[in-house]
Each structure stands twice: as C-alpha cells, then as structure tokens.
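What the coordinates show
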Amino acid sequence: MTLQAKVHQACVASGHIVRRVALTSSLPPSVRVRQLVDRESTGALALTAAIPFLFLHERFQPEYGLELGSTTVDLRLSDAAVVLVLAAALVVITRHGIERLRPGRAVWIPGVLLLLWLAFQVVRPASTDDALFDDHVVTFLKLVEYALLVPVVPLLVRRAEDLTILLGGLVLWSAVATAVAGVQFAGVDVFDAANAGWRQPSFVGFHDLAALSGLALGLAVAGIVATRRHTPAGALFAVALVAGVLGMILAGSVTAAAGLALGAFVVFLAGRGRFRPSGRRVLALVTVVLVVGAGVTAIRSDTLNDFLQFVGLREEEQSLGVESYSQRTVLAYIGLRIFQDDPILGVGWQRSSRPDVFEPYLPDARGRFPDVDPLAFPAEGREWGVQNLYVQMLADAGAIGFLLVLALGVGGVMLAWRTAGYAPNPWAAGAGLAMLCALATIAGTWASLGIVAGIPLQAATSLVLGLAVAGAAAAEEHTAV
C-alpha cells in the first residue's frame, strides 16, 4: 500500500471515529453509559466497586477474627475488596503483562525501599523484644496490603473510559459521605456523629472524610483550570465541587485545607501553559480555596482560638480540658526528642507510642509546656503516639524512613506533573492536575495523623499514587505514537 493510500485510509477511519463520538454524545444517558462500559472495563469496574468498602470506617464493617499465634487478625469487607481488585489485576497481567507499570519508576523505587526499610524496623531486635511485636507485625502487613493498591490502579485503569468510571465512582461516594456528614452536622445521630454544629466524621472518620473530599475536589479543581470538556466525568463537575467543598469543611481538617491551598497553586502552575486558564477561572480557583479555608476556620473556631492562646498570639483565657492543637504540639515535640536521640535508625516500627520509649521525655516536655493540661501528655493507658506521620516516621524509622517518604511523595508529584503536560485529554486533567491537587491535600491530612495502616486515608493515598502512575503510562504511550 502506498503512503498516499495509507493517509487516505487513516483519514477515513478518523472520520468514522468523529462521527461515532458525535452520535454517542447525542444518545440518551442510559445508552451513553452502555457505550462507556464494555468488556474491557471489567477491571475498572471491580476497582470502583471496591470504593464503598475501602472508604468505610472499620467500626461499621462486619469482621472475622483469625487467630494467629498470640494475636488476632481482623478480616473485614475492605480486605475482601482488596483481594477482589488484586485478583482482577492478576487477570489483566496474564493478558497484557506488566509493561504499563514501567513509567512509574519514580514511585516504585522509593516505595519498595520504604517497605523494605519498615520491614527491617519491624524485625530489628528492639522491635522483636517489644510485648506488642505480634500486633506490630499485623499492622505492617495491613500497610503492605493497602500499598498493593498502587500498582493495581495502572493495571486496571488503562483507558480514558476506565479513568472516567473510577473518578466518577469516587465523586459519587464522596457525595454520599458528605451528605451523611451534613445530616450529622444538623444533629441526627448516625454513624457515631459528633455534636451538632461541629466537625463530623460521616461514616469514614474526620481525616478520611477530608481525604475522600480532597479526591473529589481535586477533580473539580482540574475542571476549573482545564475546563469541563477536558476533564473525565465532566458531567459530575458540579457534584465534585459541592461534595468536595462541603466535605472538607465538615471534616474540619486545618492541615488538609492548607494542603488544598498548596495543591490548587501547583495545579495552576502545571496547567497554565497547556490550558491557559482565564482570569475568571483563576478567580474561581482562588474562591474555592478561600471558601474551604473560611469554612474550616469557622467549624474549628474554638480549637483555633485555644491554639492561638497557646502560642501567645491571643490573650489567654481560662481553658477547660485538652485542646487539640496544643496536644499535637506536645506530642510532636516528644516525637522530635525521640528522633534526636536515634536520628538514623529510629526506635522501631510504631514504638514511639510505647511508654518505655516516651516516658523519659515527659519531664522535659512538661517543663517546656507548663500551661498545657496534664491530660494532654501521653502516659500508660494513654498511648496516643505522635499523631503526625512525618514526625512519627522520624521517631520510628529515623531520617532514612523520613527521606524515603518524601521521595515517594516527590515521585508521585513528578509523575502527575508529567501527565498534566504530556498525556492526552482527559488523562492530563483527571490523572495529572486532579492528582496534583489530591496529593497535596492528602499530604496535609497526614500531618494530623500518625502512621495508621489499612484506613481510608491510606486507600486514598494509594489510589492517588496509582493514578499518577497510570497517567504517566498514558503520557508515554501518547508520546511514543
């Protein structure tokens, strides 16, 4: 076949594709859904079906206790969901191989090294001599289980249609979680609601609700910068925006809101060259950040007021009980003191919350923070841990563990940035810009929580990293054509 004939054939085929897309867009919604979901979507559908179980607090899941030695492993629906998607990924590997994982080296290298380093922390002598060694092993295995979701995502989300299915499922489940939190805020006692008019956990937990809402809001932010027509699940843009904004406000995570502000700025930087957002779109982006910031400040006003008094920026008033941020400051201080004495190796996996580890630092902490309620300090029976992933990583796993966590996050940002610049639409918006915003939001959320494995926040982290890898694979496939 001559070159001219090949060009003519390609033009005819392109015409057929354009006419098919135009015809599909004019079809009723039920027909468009059938066009979107086909046999190749099975993996994405399996992953999407797992979302309600991955983003559901363990208290509301039936569990089965499996006795292993001196400890018990609790198996829940979320574990079954992970097994389901792992099985789907194995099926895909037998058909397509693992070539699609290759562009994710910026995530795989630090991720594998981090898991190996934490495995060493679990089995080092200081950890094996701990009375809770068996429990710590189970927790580490749970961390590995949820970490396996990262390679699962690029294996199952292979096409733009798959990306639309997964992001659409996340947005819809975020909307359900936000609606439940709104009902709790109004005073209806469901799913262990907090006091009416305060921050609410929905059915996932405070920090987990912030992460899930951050995923939805990340898609909305991408839609603002790149326009809805370049965004997957564009029909759900309004749902993503409302559910994301209200969900983050109701979750009341100050650090998540700070992460959102950083993420929105990064999205603007990553998207301004390709999508050239207008002044109105930039104003809309700033408005979203300000609304979330104002809402979170309002819902946490009492806590923030107490913290400003604690740091001396506001006239002190009589304080009743334990204040959240002053306590977190005390716990972070203790964690940093632990790190100071073991800067390279740390004290071992999850051992910073053990009384024999933190008790030597209590006198110094009480002298440093004499005005903090005594109940804010950890003690035997009140082993709260550091409650900051980054500080706890320094204390438990030393500088090496901390640097590996940073390298993992930077790797995810690099892949999402590359996706935003080089992947075709809608990958550039859905797996590039949206994941940049979600990564920053989730990174901020982890600053308010210690290393807790197998929770919705870890699931959100794994999904975001996995989507960044999937987007980088789409970018490589696009540039190779």
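1. A few points about unusual backbone geometry
- Look at the link from Asn425 to Pro426: it is a cis peptide, with omega at 5 degrees.
- In this fold, Pro426 is placed in the loop between helix H18 (389–422) and helix H19 (427–446).
- At Thr227, a position not held by glycine, the phi torsion is positive, near 75 degrees.
- Take Thr227: it is sitting in the loop between helix H10 (206–226) and helix H11 (237–251).
- A relative accessible area of 18% places Thr227 in the buried class.
- If you check the backbone angles, Gln350 has positive phi at about 60 degrees while not being a glycine.
- A relative accessible area of 12% means that Gln350 is categorised as buried.

2. Details of the nonpolar core
- The biggest cluster of nonpolar side chains holds 115 residues, and the ones touching the most others in it are Phe55, Leu170, Leu217 and Leu433.
- When residues in this core are grouped by element, the largest group, 14 residues, is from H10.
- Those residues within four positions of Phe55 in sequence are excluded, and the remaining contacts are Leu170, Trp173, Phe203, Val204, Leu212, Leu215, Pro456, Ala459, Ala460 and Leu463.
- Counting residues in hydrophobic clusters, the runner-up holds 15 residues, among them Val330, Tyr333, Ile334 and Val347.

3. Structural notes on the pattern of salt bridges
- Counting across every chain of the model gives 13 salt bridges.
- Across the salt bridge formed by Glu58 and Arg76, the nearest N and O atoms sit 3.6 Å from each other. Taken together, the residues span a long stretch of sequence, with Glu58 in the loop between helix H3 (42–54) and strand S1 (63–68) and Arg76 in strand S2 (residues 71–76) at a distance of 18 residues.
- A salt bridge links Arg76 to Glu63, with the shortest nitrogen-to-oxygen separation between them at 3.1 Å. One end of the pair, Arg76, is in strand S2; the other, Glu63, is in strand S1, with 13 residues separating them in the sequence.
- Using a relative accessible area of 14% as the deciding quantity, one classes Arg76 as buried.

Quick notes on the rules
- Residues numbered from 1 in each chain as written.
- Predicted model: local features only at pLDDT ≥ 70, side-chain atom pairs only at ≥ 80, totals over all residues.
- Heavy atoms only, no water.
- Helix = DSSP H or I, 4+ residues; strand = E, 2+ residues; numbered from the N terminus.
- Buried < 20%, exposed > 50% of the residue type's maximum accessible area, 1.4 Å probe, protein only.
- Core = buried A, V, L, I, M, F, W, Y, C linked by side-chain atoms within 4.5 Å.
- Contact = heavy atoms within 4.5 Å.
- Salt bridge = Lys/Arg side-chain N within 4 Å of Asp/Glu carboxyl O.

Keep in mind these values describe shape, not function.
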